[in-house]
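The chain contents come next:
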Amino acid sequence: MNELVDIPKALRQSGLKATLPRLRILQLFHERETKHLSAEEIYRFLIDEKIDIGLATIYRVLMQFAETDIVIRRHFESGAAVFELNEGSHHDHLICTACSKVDEFVDSGIERRQEEIAKERGFALHEHSLSLYGVCGDCKSTKTATSRKSKSRDVMRTS
Ligand SMILES: [Zn+2]
Ligand SMILES: [Zn+2]
């Protein structure tokens, strides 16, 4: 995926002046493979690129982006707030509590059931956020490998 996004134009359309920190941070969201980024992660990426933008500035820019609907701010229970580009389509999240990786999904069955539940209760549903917490496939296989190793150590000790 190599879509060319006119970042200065995107900023202007949101009524924000195209300052260097804003340009660079928005560009980062388009460049990175990771969709969900915390202020600290952005800070580290910029340091790697030898770009001197303080954490407070990054946070301020992210809040401006959230206010103007350029990004969505997510509050997952594990760790700091993360931000993702607002691409206009709804999705829910899977969060790994071991490595903080965030995955996305949309399930029409779950979506439909939530609407039905609200309707049954005469509840006017505006939005929802669904976050599933657990251990991702990568972390699960690392853990299994470690526990297997410690088990064989136990065997050696008892013999
Ligand atoms: Zn993980
Ligand atoms: Zn997301």
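Higher on the page you've got the structure.
Quick caveat: nothing in here was measured; it's all calculated off a predicted structure. Residue numbers here run from 1 along each chain, matching the order of that chain's written sequence. Chains and ligands are labelled sequentially in the order written, the chains with letters from A and the ligands with numbers from 1. The model is predicted, so local features are restricted to residues of pLDDT at least 70 and side-chain atom pairs to those at 80 or more, both for listing and for counting; the totals for chains, interfaces and linings are taken over all residues. Values reported for side chains reflect all heavy atoms of the structure, with hydrogen atoms and water molecules removed beforehand.

*Asks:* When you look at the overall build of the chain in this model, what are you seeing that I'm missing?
*Replies:* Under the DSSP-based scheme used, a helix requires at least four consecutive residues in state H or I and a strand at least two consecutive residues in state E, with every element numbered from the N terminus. For the chain, the count of helices and strands is six helices and six strands. For the chain, the sequential pattern of α-helices and β-strands runs α-α-β-α-α-β-β-β-β-α-β-α. In this description, contact between two residues means that some pair of their heavy atoms is separated by no more than 4.5 Å. The contacts of the chain with a sequence gap of at least 6 include a subset with a gap of at least 24, amounting to 46%. Here the accessible surface of atoms and residues is derived via Shrake-Rupley with a 1.4 Å probe, and residues count as covered only by protein chains that are part of the display. Of the roughly 11,200 Å² of accessible surface on the chain, 52% is carried by carbon and sulfur atoms.

*Asks:* Looking at this structure, I do not really get the packing of aromatic side chains. What am I missing?
*Replies:* Within a pair of aromatic rings, the relevant descriptors are the distance that separates the centres and the angle that separates the planes. Any pair of Phe, Tyr and Trp rings, taking the six-membered ring for Trp, is counted once the centres come within 6.5 Å. Such a pair is stacked with planes under 30 degrees apart, edge-to-face with planes over 60 apart, and tilted for the rest. Scanning the model with the defined rule gives one aromatic pair in all. On the basis of an interplanar angle of 85 degrees and a centroid distance of 6.4 Å, the ring pair of Tyr-59 and Phe-83 is categorised as edge-to-face. Linking Tyr-59 in helix H4 (residues 55-67) with Phe-83 in strand E3 (residues 82-85), this pair joins segments that are 24 residues apart in sequence. Lying across the ring of Phe-45, Arg-32 places its NZ or CZ 3.7 Å from the centre. We call a charge positioned over a ring when the NZ of a Lys or the CZ of an Arg lies within 6 Å of the ring centre and within 35 degrees of the ring normal.

*Asks:* What exactly am I supposed to notice about the coordination of the zinc ion (ligand 1) here?
*Replies:* In a perfect tetrahedron of four donors around a metal, the angles come out at 109.5 degrees. In a perfect octahedron of six, they are 90 or 180 degrees. Each metal's donors are the N, O and S atoms within 2.8 Å of it, or within 3.2 Å when it is Na, K or Ca, and because water is not part of the set, sites may look incomplete. At the metal site, the zinc ion (ligand 1) is ligated by Cys-96 (SG), Cys-99 (SG), Cys-136 (SG) and Cys-139 (SG), and these contacts range over 2.3 Å. Read in sequence order, the donor residues coordinating the zinc ion (ligand 1) give the pattern C-x2-C-x36-C-x2-C.

*Asks:* Would you mind going over the packing of helix H3 (residues 39-48) against H4 with me for this structure?
*Replies:* Working note: a packed helix pair is described by the angle between its axes plus the distance between those axes. The angle between two axes is taken between their N-to-C directions and runs from 0 to 180 degrees, where each axis is a line fitted to C-alpha atoms and a helix contributes only its stretch in contact. Between H3 and H4, the least distance of the axes is 9 Å, while the angle of their chain directions is 125 degrees. Accordingly, the angle class assigned to the pair H3 and H4 is oblique. The two elements H3 and H4 cross, and the hand of that crossing is right-handed. In this structure, H3 contributes Ala-39, Glu-40, Ile-42, Tyr-43 and Leu-46 to the contact, and H4 contributes Leu-55, Ile-58, Tyr-59 and Leu-62. Any angle between 65 and 115 degrees counts as roughly perpendicular, while under 35 counts as roughly parallel, over 145 as roughly antiparallel, and the rest as oblique. Crossing handedness is read from the near helix: turned anticlockwise from the far helix by less than a right angle, it gives a left-handed crossing, and turned clockwise, a right-handed one.

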